[in-house]
Amino acid sequence: MKISHLGIATKGIDEALKFWQDALGLENVHAEEVAEQKVRVAMLPIGETRIELLEATSEDSPIAKFVEKRGGGIHHIAVEVENIEESLAKLKANGARLIDEQPRIGAEGCLVAFVHPSSAGGVLLELIQENK
Ligand code: ZN
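Residues numbered from 1 in each chain as written. Predicted model: local features only at pLDDT ≥ 70, side-chain atom pairs only at ≥ 80, totals over all residues. Heavy atoms only, no water.

*Asks:* What am I meant to see in the confidence of the model for the protein here?
*Replies:* Where the model shows low pLDDT, its predicted coordinates should not be examined in detail. Residues at a pLDDT of 70 or more form 99% of the protein, whose mean pLDDT is 95. The least confident element of the protein, judged by mean pLDDT, is strand 6 (residues 104-105) at 90; the most confident is helix 1 (residues 13-23) at 98. (pLDDT = per-residue confidence, 0-100. Helix = DSSP H or I, 4+ residues; strand = E, 2+ residues; numbered from the N terminus.)

In structure tokens:
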């Protein structure tokens, strides 16, 4: 396993890029709207992982709620797994609370599923299986 990316909730990606891209020097290599999750994302590689900037596309987006409460910040950590269905089954067997019992389609056509922060010490965990 490895850290696929760190998800950072923003009020707006364009504004956030002024820091992450222009000031810090990371490169925005991929931008996409993920309709199912009501977000726009921008991916900025950093070493073997990436920063994922997230912007809500709707008022009922989970990112809109997060930004409203906390004004942005680290939203989730995404761990890349070989077989997402197996990982979900193992988590469930070990009593973890799953937000997604079944994988969904995420950015770049990957399969993703979220694990509730109450099972991960307050961290929202995203499992991701690369689209290969
Ligand atoms: Zn993510």
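That was the structure; now back to the text.
*Asks:* Which parts of the structure should I look at to understand the packing of aromatic side chains?
*Replies:* Two aromatic rings are characterised by how far apart their centres lie and by the angle between their planes. Using the criterion set out here, one finds one aromatic pair in the structure. Judged by centre distance (5.1 Å) and plane angle (85°), the rings of F19 and W20 are edge-to-face. (Phe/Tyr/Trp six-rings, centres within 6.5 Å; stacked < 30°, edge-to-face > 60°.)

*Asks:* Can you walk me through the coordination of the zinc ion in this structure?
*Replies:* For a metal with four tetrahedral donors the ideal donor-metal-donor angle is 109.5 degrees, while six octahedral donors give ideal angles of 90 or 180 degrees. Of the protein atoms, only H5 (NE2), E52 (OE), H76 (NE2) and E126 (OE) coordinate the zinc ion, at distances of 2.0 to 2.3 Å. Taken together, the four donor atoms coordinating the zinc ion and their angles of 83 to 168° define a geometry best described as irregular. Positions of the donor residues of the zinc ion along the chain correspond to the pattern H-x46-E-x23-H-x49-E. With H5 in strand 1 (residues 2-10) and H76 in strand 5 (residues 73-80), this residue pair connects regions lying 71 residues apart in the sequence. Residue H5 is classed as buried on the basis of its relative accessible area, which comes to 1%. With a relative accessible area of 3%, H76 lands in the buried category. (Donors = N, O, S within 2.8 Å, 3.2 Å for Na, K, Ca; no water. Tetrahedral: all angles 85-135°; square planar, octahedral: opposite > 155°, others 65-115°. Buried < 20%, exposed > 50% of the residue type's maximum accessible area, 1.4 Å probe, protein only.)

*Asks:* Any chance you could explain the pairing of strand 8 (residues 125-129) here in plain terms?
*Replies:* Look at any regular strand and the pattern is simple: side chains alternate between the two faces of the sheet. Burial analysis of strand 8 places four of its five residues in the buried class, which makes it a mostly covered element. Relative to strand 8, strand 5 is paired through four bridges, and the arrangement is parallel. By the bridge assignment for strand 8, A78 is matched with E126. For strand 7 (residues 111-115) and strand 8, the ladder comprises five bridges, and the chain directions are antiparallel. The partner of L111 across the bridge, within strand 8, is Q129. (Pairing = 2+ DSSP bridges.)

*Asks:* What is the right way to look at the sheet that holds strand 8 in this model?
*Replies:* By definition, the strands of a sheet pair up through backbone hydrogen bonds, in either a parallel or an antiparallel sense. The strand order 2-3-4-1-5-8-7-6 describes an open sheet built from eight strands, whose pairing is mixed. Taken across any chain shown, the strands that pair with only one partner, and hence form the sheet edges, are strand 2 (30-34) and strand 6.

*Asks:* Even after reading the chapter, I still don't get the environment of E108, so can you show me in this structure?
*Replies:* Looking at the element boundaries, E108 is found in the loop between strand 6 and strand 7. The exposure class of E108 is partly exposed, given its relative accessible area of 31%. Once residues within four sequence positions are removed from consideration, E108 is found in contact with H30, E32, M43, R50 and N131. Of note is the side chain of E108, whose polar atom sits 3.1 Å from the side chain of R50. (Contact = heavy atoms within 4.5 Å. Polar contact = N/O pair within 3.5 Å; in protein donor to acceptor, adjacent residues only side chain to side chain.)

*Asks:* What is the right way to read the pattern of salt bridges from this model?
*Replies:* When charged atoms on two side chains of opposite charge get close, those side chains can pair. The tally for this structure, following the rule as stated, stands at seven salt bridges. When the shortest N-O distance is used, the salt bridge between K38 and D60 registers 2.9 Å. With K38 in the loop between strand 2 and strand 3 (39-46) and D60 in the loop between strand 4 (49-56) and helix 2 (62-70), this pair connects stretches of sequence that are 22 residues apart. Residue K38 is classed as partly exposed on the basis of its relative accessible area, which comes to 30%. On the basis of relative accessible area, D60 is assigned to the partly exposed category, the value being 41%. (Salt bridge = Lys/Arg side-chain N within 4 Å of Asp/Glu carboxyl O.)

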